[in-house]
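Survey of secondary and tertiary structure
Listed below, chain by chain, are the residues.
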Amino acid sequence: MAPPMSAASFLAALKDEGLTVVEVGDWRHHNRNSKGAWGPVNGVMIHHTVTEGSSATVRICRDGHTDLPGPLCHGVITKDGRVHLVGYGRANHAGLGDDDVLRAVIAEKALPHDNEANTDGNSRFYGFECENLGDGEDPWPDAQLVAIEKAAAALCRHHGWTERSVIGHLEWQPGKVDPKGFTMAWLRGRVRDRLK
């Protein structure tokens, strides 16, 4: 459990991990803080977008849509491996999830099966949306997978977290399937190795 890092520290951590970062508009002040708490933060959540085309994906994640205002994450990781920062603070990405999962993330233990949605995740997790159709067929280029790994590791490194602080949306909220196309166990293994 930790206070969220400053926007400047967030940007610096990503760059220090070797990522190419694109700053989109006034991302540092684009948030949903008026709707609830931002922090303490406990981990990093990975999503897929169910979109194609980097510019459209970034725009949707920044602006949101009628039913769900943006930002829909903090960073959008496009297929070329760039991280587009679209918001900072509370973002509409995690929604309600399982309090047992949150306790496991805080304790950095193996995750239980998510079977209820009773806890606000938007206040507790950094969120990265990753450009992919999420159909299990759309490829995940290596540059993108490396960027996902680096982004998660950067935040874990800053906060002193292990790879167990990195979860998928499908591990948090019943009914979610993202990210689809790789397993979170595989990604956590990559983050663990990078943190060494």
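Structure: above.
Reference entry: report on the structure contained in this document.

Overview of the packing of helix H1 (residues 7-16) against helix H4 (residues 142-159)
Packing of H1 against H4 brings their axes to within 8 Å, and their N-to-C directions diverge by 120°. The angle between H1 and H4 falls in the class oblique. Crossing handedness for the pair H1 and H4: right-handed. Of H4, the residues touching H1 (which contributes Ser-9, Phe-10, Ala-13 and Leu-14) are Ala-151, Ala-154, Leu-155 and His-158. Of the residues that constitute the contact of H1 with H4, the class distribution is six nonpolar, two polar and no charged.

Looking at the nonpolar core
Considering soluble globular proteins, one finds that nonpolar side chains tend to be buried as a cluster. Ranked by size, the top nonpolar core spans 36 residues in total, and within it Phe-10, Leu-14, Ile-46, Tyr-126 and Phe-128 carry the most contacts. For this core, the elements supplying multiple residues, two or more each, are H1, strand E2 (43-48), strand E6 (83-85), strand E9 (125-130), H4 and helix H6 (184-195). In terms of residue count, the dominant contributor to this core is H4 (nine residues). One finds Met-45, Val-105, Phe-125 and Trp-172 within the second-largest nonpolar core, a separate group that totals eight residues.

Regarding the packing of aromatic side chains
According to the stated counting rule, one finds 11 aromatic pairs in the structure shown. Their ring planes at 15° and their centres at 6.3 Å tell us that Phe-10 and Phe-128 sit as a pair that is stacked. With Phe-10 in helix H1 and Phe-128 in strand E9, this pair connects stretches of sequence that are 118 residues apart. With respect to burial, Phe-10 and Phe-128 carry one shared label: buried. Ring plane angle 80° and centroid distance 5.6 Å describe the contact between Trp-38 and Tyr-126, whose orientation is recorded as edge-to-face.

Considerations on the pairing of E2
In terms of burial, E2 is largely enclosed, as six of its six residues are buried. In this structure, E2 lies alongside E9, joined through six bridges in parallel fashion. Among the inter-strand pairings, His-48 is bridged to a residue of E9, identified as Cys-130. Pairing analysis gives three bridges linking E2 to strand E10 (residues 166-168), with the strands arranged parallel. Looking at the pairing, Met-45 lines up with Ile-167 of E10.

Cut-offs and rules
Residues numbered from 1 in each chain as written. Predicted model: local features only at pLDDT ≥ 70, side-chain atom pairs only at ≥ 80, totals over all residues. Heavy atoms only, no water. Axes fitted to C-alpha atoms, helices over the stretch in contact; angles between N-to-C directions. Helix = DSSP H or I, 4+ residues; strand = E, 2+ residues; numbered from the N terminus. Parallel < 35°, antiparallel > 145°, perpendicular 65-115°, else oblique. Left-handed = near helix turned anticlockwise from the far one by under 90°. Contact = heavy atoms within 4.5 Å. Nonpolar A, V, L, I, M, F, W, Y, C, P; charged D, E, K, R; others polar. Core = buried A, V, L, I, M, F, W, Y, C linked by side-chain atoms within 4.5 Å. Buried < 20%, exposed > 50% of the residue type's maximum accessible area, 1.4 Å probe, protein only. Phe/Tyr/Trp six-rings, centres within 6.5 Å; stacked < 30°, edge-to-face > 60°. Pairing = 2+ DSSP bridges.

It is worth stressing that arrangement in space is one thing and function is another; only the former is reported here.
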